[in-house]
Structures are given as structure tokens and as C-alpha cells.
Amino acid sequence: MSTQEIPEENLPVEQGTAHGAVKVADDPFADPGLPPHKPRIQDIDERAAKRSERAVAFMFVLSMLATVAFIAAYVIFPVDKIVYIWPFGHVSALNFSLGWTLGLALFFIGAGAVHWARTLMSDVEMADERHPIQASPEVKAQVMADFAAGAEESALGRRKLIRNTMFGALALVPLSGIVLLRDMGPLPEDKLRKTLWARGKQLINMNTHEPLRPEDVAVGSLTFAMPEGLSEHDHGFQTEIAKAALMIVRIQPDDIKDKRELEWSHEGIVAFSKICTHVGCPISLYEQQTHHVLCPCHQSTFDLSDGARVIFGPAGHALPQLRIGVNDKGFLEALGDFEEPVGPAFWERG
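Residues numbered from 1 in each chain as written. Predicted model: local features only at pLDDT ≥ 70, side-chain atom pairs only at ≥ 80, totals over all residues. Heavy atoms only, no water.

Some points on the overall build of the protein
Right, on to step 1. Of the regular secondary structure elements, the protein holds eight helices and 13 strands.
Right, on to step 2. When the 350 residues of the protein are sorted by exposure, 35% land in the buried category.
Right, on to step 3. For the protein, the proportion of contacts with a sequence separation of at least 24, taken over those separated by at least 6, is 61%.
Right, on to step 4. A total accessible area of about 22300 Å² is found for the protein, and carbon and sulfur atoms account for 59% of it. (Helix = DSSP H or I, 4+ residues; strand = E, 2+ residues; numbered from the N terminus. Buried < 20%, exposed > 50% of the residue type's maximum accessible area, 1.4 Å probe, protein only. Contact = heavy atoms within 4.5 Å. Areas by Shrake-Rupley, 256 points an atom, 1.4 Å probe, with all protein chains shown as cover.)

Rendered as C-alpha cells:
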């Protein structure tokens, strides 16, 4: 639609013209341009710039201290410690301290960077016209020149206090994540290589909870035992029995083929780990004519008359044997711990 087709009463009237004179308004979307640049106090007063530099460095130092406090809290507070903090109520001391210290460490890095940018870096506004996405060589060269100029204007090389404290804060913050790796689980140390069995510990029948005598074990029978002093009501019972569970079998001494097995037995009574060396399932199936025991999970089969060696299935090695004897009271007792770790064969590879 042209201006001739628009009713005169709808056309804008230019101020200052005679009544009835019509003139089309100027472009309402014209670029107003940038306001004149006003220097900051830090740009004209070096003392103010130094104060801002110290403020930024102080925030970076606070970030470093918060990171150190994060690590210290992670070490000091136990997982189950509950404290009362107003107005939050009863909270986990560990979670509360970790949240606050890590939050402060990140906050002070951000606050320091913002204060640095607003008070010490260049604040001159620059306008650039739109251009094709692919930059020309001249533009690339200009970008690199602008980057170098920006680095110079940031005063990173000249403000060494800010630079060093910033690097310190950024270097310490990742330590928080490294420390959190502890939550992947407790370090195993040598716990998997040891059980509760020790010299002098009596063999306790897991069904009757009474100490075992040699006459309690009949030829061809299978009895399960646990170490003296271990109770089903103990907090760590499942963890300990998973390593210390024992199979007691009585074999005619003449039928025992392995020399060490015979030496470690008592009158044909042999004690082997109940934990399968494949994936740790409990073994419970015994065939008295062949002296074979079968793991019900993956059918690994062991010959208890020949050092509990593997004769079938995926198990990697023989069942560990416990050396046993009889104490002064006539009860069966251990003469030490297993000489190799029980269960899956992790120890063979490392």
C-alpha cells in the first residue's frame, strides 16, 4: 500500500509543520549507536585497581581454603554422624559440610572471575557487523590480534597476584572430585586374603553351634563349620562367613591321594573352603562314593580326595584347605588360616 492510499488522518504529522501538512516519519528502527564510554575508577586510579586486584585474589584464596576444608571434612566426619543445625534440623554432618565447602569453593572462583572482569579487564564495547560464517584470512588474523590484545588488556601477565591465586584455586577444586572416589567403596587392603580362622580357633558346627569332636564327623558325611567366636547376630556375620565358611568331610586315610591334604587332616577329617573358586557360590552337594563336591551355580566339580582340585567346570583353581588338629579338650581346631585367599581367583592375576 502506498502513502497515497493511506487516509491522511492515519499518517504521522511532523511536529512544527503547518496544520494539515503531512510528512512520513523517520525510520523507527534506526541504530541509536553506542553511548559515550565512561572510564571506571580503576582505569584512572591505580590504587583502586590494586584494591580490586587484592579483592579478586582474596576470593581465590577463600576458594582454596574452602577446597581444603572440603577434603578435611570428608576425612574427619563419619558417614553416620548426625548433628542438629538450626534451621535445617538434624542433618548428616558429612553431607552438610561437603555441600557448603564445595559450594563456597565454586562460588568464590566465580565471584572472583566476575569482579576481575568488571573492574580490571577492558570494558570498551565493540560492535561488529554480521559477516559470513567462514572467516577470511584477514579476519582470522584480526581474531588472533584481538585475542592477544585481550590477553594484554586482562593484565594477566602484569597482575601476578591474581594470576597465581586463580591458578591455585583452579588447581585445588578438582581435588574434591578425586577425594569423592573414596565412595566407590572401601579399600580392600588385605581383607580378601585373610579370614577369621587362626591357630587355636575351634571348629563350630553351623547347625548345632557346638564345637566339633572327631567322633562327630562320620565317614562319608558332610558337615559345615564356622570359626569359634563368630555369631549369626554379629553385625559383620555375612561378610565374615562368606570367607570363613568350611566344609568338613571324613575320608578313609588310604583314599586320600594328595600328600599335603593328608598331612593337614586329622584321622582322615579334612577341612576345605565352602566358597567356590569360580564366582564365590557356596558349595553344598557332596557325593560320598567319589568324594566329589559340586557347585550348584555353574557345576564346577572338585575332588576332595585329591587336594580339592578342579575336575570339571569353570572354576580356576582348587578349593583352599584349612590345616586342622585336636586341642587338649578333644575338639577340632584350626592350626592357622588358609594359606591362599578363598573364593574367585583374583589373587592368581595380581
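Overview of the state of the cysteines
Right, on to step 1. Under the defined criterion, the tally for this structure stands at one disulfide.
Right, on to step 2. Residue pairing for C281: its cysteine sulfur links by disulfide to C297, the two sulfurs lying 2.3 Å apart. Taking the torsion about the S-S bond as the criterion, the C281 to C297 disulfide, at about -110°, is left-handed. Within this pair, whereas C281 is found in the loop between strand 6 (269-273) and strand 7 (285-287), its partner C297 is found in the loop between strand 8 (292-294) and strand 9 (301-303), the two being separated by 16 residues in sequence.
Right, on to step 3. C281 sits in the buried class, given a relative accessible area of 12%.
Right, on to step 4. Residue classification places C297 among the partly exposed positions, given a relative accessible area of 36%. (Disulfide = S-S within 2.5 Å.)

Examining helix 4 (residues 137-153)
Right, on to step 1. For helix 4, built from 17 residues, the straight-helix expectation of 24 Å at 1.5 Å per residue is met to within 8% by its first-to-last C-alpha distance of 24 Å.
Right, on to step 2. Remark: A155 follows helix 4 within two positions and exhibits a positive phi of approximately 65°. (Expected span 1.5 Å × (residues − 1).)

Digging into the packing of aromatic side chains
Right, on to step 1. Counted according to the given criterion, the structure contains three aromatic pairs.
Right, on to step 2. Ring centres of F96 and W100 lie 6.2 Å apart, and the angle between their planes is 50°; this geometry places the pair in the tilted category. Remark: W100 and F96 occur in helix 3 (residues 93-119); sequence separation between them is four residues, near one turn of the helix.
Right, on to step 3. Classification of F96 as partly exposed rests on a relative accessible area of 23%. (Phe/Tyr/Trp six-rings, centres within 6.5 Å; stacked < 30°, edge-to-face > 60°.)

Digging into the UniProt feature "transmembrane region" (unreviewed entry) in the protein
Right, on to step 1. What UniProt calls "transmembrane region" (unreviewed entry) maps, in this numbering, to residues 55-77, 97-117 and 161-181.
Right, on to step 2. Regarding residues 55-77, the helix share stands at 96% and the strand share at 0%, and the terminal C-alpha atoms are separated by 32 Å.
Right, on to step 3. Taken end to end, residues 97-117 has its terminal C-alpha atoms 30 Å apart, with 100% of it in helix and 0% in strand. (UniProt positions renumbered as here; feature names shortened; annotations may be inferred.)

Let's talk about the pairing of strand 10 (residues 309-312)
Right, on to step 1. With three bridges connecting them, strand 9 and strand 10 associate as antiparallel partners. Bridge pairing links D303 to R309 in strand 10.
Right, on to step 2. Between the antiparallel neighbours strand 9 and strand 10 lie five residues, among them G307 with a positive phi of about 70°. (Pairing = 2+ DSSP bridges.)

Thoughts on the sheet that holds strand 4 (residues 222-227)
Right, on to step 1. The antiparallel open sheet is built from five strands, whose spatial order is 3-4-5-6-11. Strands at the two margins of the open sheet, each flanked by one partner only, are strand 3 (203-205) and strand 11 (321-322).
Right, on to step 2. Sheet topology places strand 6 next to strand 11; two bridges connect them, and they run antiparallel. When the sheet's bridge partners are listed, A271 is paired in strand 11 with L322.

Quick look at unusual backbone geometry
Right, on to step 1. The step from W86 to P87 runs through a cis peptide bond, and the omega angle for that step is 5°.
Right, on to step 2. The residue P87 is located in the loop between strand 1 (82-85) and strand 2 (89-92) in this model.
Right, on to step 3. With a phi close to 55°, E267 is a non-glycine residue in the positive phi region.
Right, on to step 4. Mapped onto the elements, E267 comes out in the loop between helix 8 (259-263) and strand 6.
Right, on to step 5. Residue classification places E267 among the exposed positions, given a relative accessible area of 51%.
Right, on to step 6. Although it is not a glycine, H291 adopts a positive phi angle of roughly 65°.
Right, on to step 7. With respect to the secondary-structure elements, H291 resides in the loop between strand 7 and strand 8.

Thoughts on helix 3
Residue pairs three or four apart in sequence face the same way in an α-helix, which turns once every 3.6 residues.
Right, on to step 1. Counted at 1.5 Å a residue, the expected span for helix 3 with its 27 residues is 39 Å, and the 38 Å between its end C-alpha atoms agrees.
Right, on to step 2. Those residues of helix 3 lying buried are A93, L94, S97, L98, T101, A105, F108, I109, G112, W116 and T119.
Right, on to step 3. On its buried face, helix 3 is in contact with helix 1 (41-44), helix 2 (46-76), strand 1, strand 2 and helix 5 (160-172).

Quick notes on the pattern of salt bridges
Right, on to step 1. All chains considered together, the criterion is met by 10 salt bridges.
Right, on to step 2. Between D43 and R40 there is a salt bridge whose closest N-O contact spans 3.1 Å.
Right, on to step 3. Residue R40 is classed as buried on the basis of its relative accessible area of 13%.
Right, on to step 4. Between K50 and E53 there is a salt bridge, with its nearest N and O atoms 3.7 Å apart. Of this pair, K50 and E53 are both found in helix 2, three residues apart, which corresponds to roughly one turn of the helix.
Right, on to step 5. Accessibility expressed as a relative area gives 38% for K50, which makes it partly exposed.
Right, on to step 6. With relative accessibility at 5%, the residue E53 sits in the buried group. (Salt bridge = Lys/Arg side-chain N within 4 Å of Asp/Glu carboxyl O.)

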